[in-house]
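# Commentary on secondary and tertiary structure
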Amino acid sequence: MLRRTFLKTALKATAVTAAGTGALAALSRETVLAAPGAATPSVSFPADFLWGVSTSSYQIEGAVAEDGRGPSVWDTYSHSFGRIANGDTGDVACDHYHRYAEDVELMAQAGMKAYRFSIAWPRVMPQGTGAVNAKGLDFYDRLTDALLAKGIQPWPCLFHWDLPQALQDRGGWTSRDIAGWFTDYALAVTAKLGDRAKNWVMLNEPSVVAIFGHGTGGHAPGLIGRQNCLKAIHHQNLAQGSALAALRKAGGKDWQLGTVLSLQPSWPVGGLDSNYPASLMWDALWNRSCLDPLFKGRFPEQLETEFSRIAKPDDLAVIKQPVDFLGVNYYSRMHQQPDPQGLFGTGYGSAPEGTRKTGMEWPVEPDGLSEILAELQEKYGNPPVYVTENGADYPDTVGPGGRVEDRDRIAYLRDHLLAAAKSIDEGCNLKGYMAWTLLDNFEWSEGYRRHFGLVQVDRKTMARKPKASYDWYASVIRNNAVPLA
Ligand code: GCO
């Protein structure tokens, strides 16, 4: 209880500090649980807390036509005129395909213990189904070995958005056949790497793939419409359930199987009653259309009729699978209001006045992370959770020494980690944190103009340069504690 009170005070204090008043000094030293070895007052994490970082294949690998990789929907989309800022593509990205050893070294130097990366389906199966491309799969084999040699747990994710174009041509996520395609692919990859990689993530953010890729068209494959969107959600849920069941049957007893969802609390703009239904609808779509079928075997009320028209009677039984962990990607809350033009009658509005913003104008709301974790604790059976993405884009400022001094990013990470500590303190089953992300990379429709990395990447030479946030995160990992300032 004392710790809880302390953390609340600390959270308030850091928020104020970040706003520039320096009120942290007012915190009495006695109340702060200074971690052994930490120079400044800090909040400790549990001894076995897993620290790591996340990336995704299309955003960093490049080498899109090498060693037999087939095209993905993101290749097609990024090469379509006007889709991506500055006409950027992932053709080269961070050249991680060739520089992975250097990137693993960067993780090792920072003391990271886990690395969530994604497997590019079209590298492994250029046509999406059928023959495995051994050279493509070998890349992940080398990567897995390189990680293990440095004591870093590999956390492969089977799908982070780069669907083989060949499957898109057969309907992609709008076709129910994809449940079988995905399961076959999942079995092929895990058969090769599963003797060494033990933690397997099925999907990354299915609702985002559905909403932006199939509803509003701002992401690949650029489809639009409510029906496409709901089909894409349902078929991802189905594919995930089918793969989970198949891997349980095929798999090593020591495999930990889970999935990753984007969970962002949806609030009515201005707290107004008139905006409340819009916020509930958006919550149903963004958060609950994946959470509820997986954990409760039902569709969210607001969308039940529509999902039931797409689903077959036994689908929910396939989707509701036990998971060993849930990955949560959290960035900010979503503030919703009615919008007759919106796909689901809702639209984005402003966060409360005075809320800080990242470079992408996303509100900085660390307590939204605690809110989501509390919800998982109270309404979804408190599953083991890892924060699998959390981070921020800021226009990086280069300091006099030539290094990016990203104080804003450090403050963002710190405040979210303090919120995470508070949640652990309140009984949430949070077991680890993987920052988004290691490298400045291809930020989807925003191209390379957004910077989420702990490490800067020179777009001409591909040279990696750790930012201040990288050093800060390394010290957090070393001390297993987050400094309050
Ligand atoms: C997502 C993706 C990441 C993004 C990150 C920043 O959450 O959208 O998983 O690939 O790059 O979230 O937008």
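Presented here is an overview of the structure given in this document. Source: prediction; values computed, not measured.

With that out of the way, let us pick up the pattern of salt bridges. Inspection of the entire model under this criterion finds 33 salt bridges. Note that Arg-288 is salt-bridged to Glu-375, the shortest N-O span being 2.4 Å. Here Arg-288 is found in helix H11 (residues 276-296), whereas its partner Glu-375 is found in helix H14 (residues 366-379), with 87 residues between them in sequence. Assigned by exposure class, Arg-288 and Glu-375 land together as buried. Counted as one network, the salt bridges with shared partners bring together Asp-396, Asp-406, Arg-409, Asp-440 and Lys-467.

Our next topic: the packing of aromatic side chains. Enumeration over the complete set of coordinates arrives at 37 aromatic pairs. With a centroid separation of 6.3 Å and an interplanar angle of 35°, the aromatic rings of Tyr-58 and Trp-74 are classed as tilted. Taken together, the positions of Tyr-58 in helix H2 (residues 57-60) and Trp-74 in helix H3 (residues 73-78) put the pair 16 residues apart, joining distant regions of the chain. For Tyr-58, a relative accessible area of 2% puts it in the buried group. Exposure remark for Trp-74: the relative accessible area of 1% places this residue in the buried category. On the numbers, 4.5 Å between centres and 35° between planes, the contact of Trp-161 with Trp-444 is tilted.

Let us look at the layout of surface pockets. Reported here for the largest pocket is a volume of approximately 740 Å³. Only helix H9 (206-215) and strand E9 (334-338) provide two or more residues apiece to the lining of the largest pocket. Grouping the amino acids of the lining of the largest pocket by side-chain chemistry returns 14 nonpolar, twelve polar and seven charged.

Let us look at the site of the ligand. As a matter of local geometry, the ligand sits amid Gln-59, His-160, Trp-161, Asn-204, Glu-205, Tyr-331, Trp-362, Glu-389, Trp-436, Glu-443, Trp-444 and Phe-452. The separation between an oxygen atom of the ligand and a polar side-chain atom of Asn-204 is 3.1 Å. Take Tyr-331: an N or O atom from its side chain is 2.9 Å from an oxygen atom of the ligand. Across the complex, the protein chains shield 95% of the 320 Å² of accessible surface that the ligand would expose by itself. In this structure the site holding the ligand corresponds to the largest pocket.

Scoring rules and cut-offs
Numbers given to residues run from 1 along each chain, matching the order in which its sequence is written. Given that the model is predicted, a residue must reach a pLDDT of at least 70 before its local features are reported, and side-chain atom pairs must reach 80 or more before they are shown or counted; all residues, however, enter totals for whole chains, interfaces and linings. Calculation of side-chain values draws on the structure's entire complement of heavy atoms; hydrogens and water are dropped beforehand. By convention in these notes, a salt bridge is any Lys or Arg side-chain nitrogen within 4 Å of a carboxyl oxygen on Asp or Glu. Think of it this way: any DSSP run of H or I at least four residues long counts as a helix, any run of E at least two long counts as a strand, and we number them from the N terminus. Each residue gets one of three labels from its accessible area relative to the maximum for its type: buried under 20%, exposed over 50%, partly exposed in between, using a 1.4 Å probe on protein chains only. In this scheme Phe, Tyr and Trp rings, the latter by its six-membered ring, pair at centre separations within 6.5 Å, and the angle between planes marks the pair as stacked below 30 degrees, edge-to-face above 60, and tilted otherwise. Grid points spaced at 1 Å and placed over the protein atoms alone form the basis of the search, with a cavity being a set where a 1.4 Å probe fits but cannot get out and a pocket an open set showing protein on both sides within 12 Å along at least five of seven lines. Lining residues have an atom within 4 Å of a point. Grid points are joined across faces, edges and corners, and a volume is the space filled by probe spheres set on the points. Ten residue types, Ala, Val, Leu, Ile, Met, Phe, Trp, Tyr, Cys and Pro, are classed as nonpolar, four, Asp, Glu, Lys and Arg, as charged, and the remainder, Gly among them, as polar. Nearness is judged by heavy atoms alone; a residue qualifies as near a molecule or strand once a single heavy atom is within 4 Å of it. We define a polar contact as two N or O atoms separated by no more than 3.5 Å, with the added condition that, inside protein, one atom must be a possible hydrogen donor and the other a possible acceptor, whereas residues neighbouring each other in sequence contribute only through side-chain atom pairs. Here the Shrake-Rupley method, with its probe set to 1.4 Å, supplies the accessible areas, and only the displayed protein chains count as covering residues. To qualify as sitting in a cavity or pocket, a molecule needs more than half of its atoms within 2 Å of the grid points.

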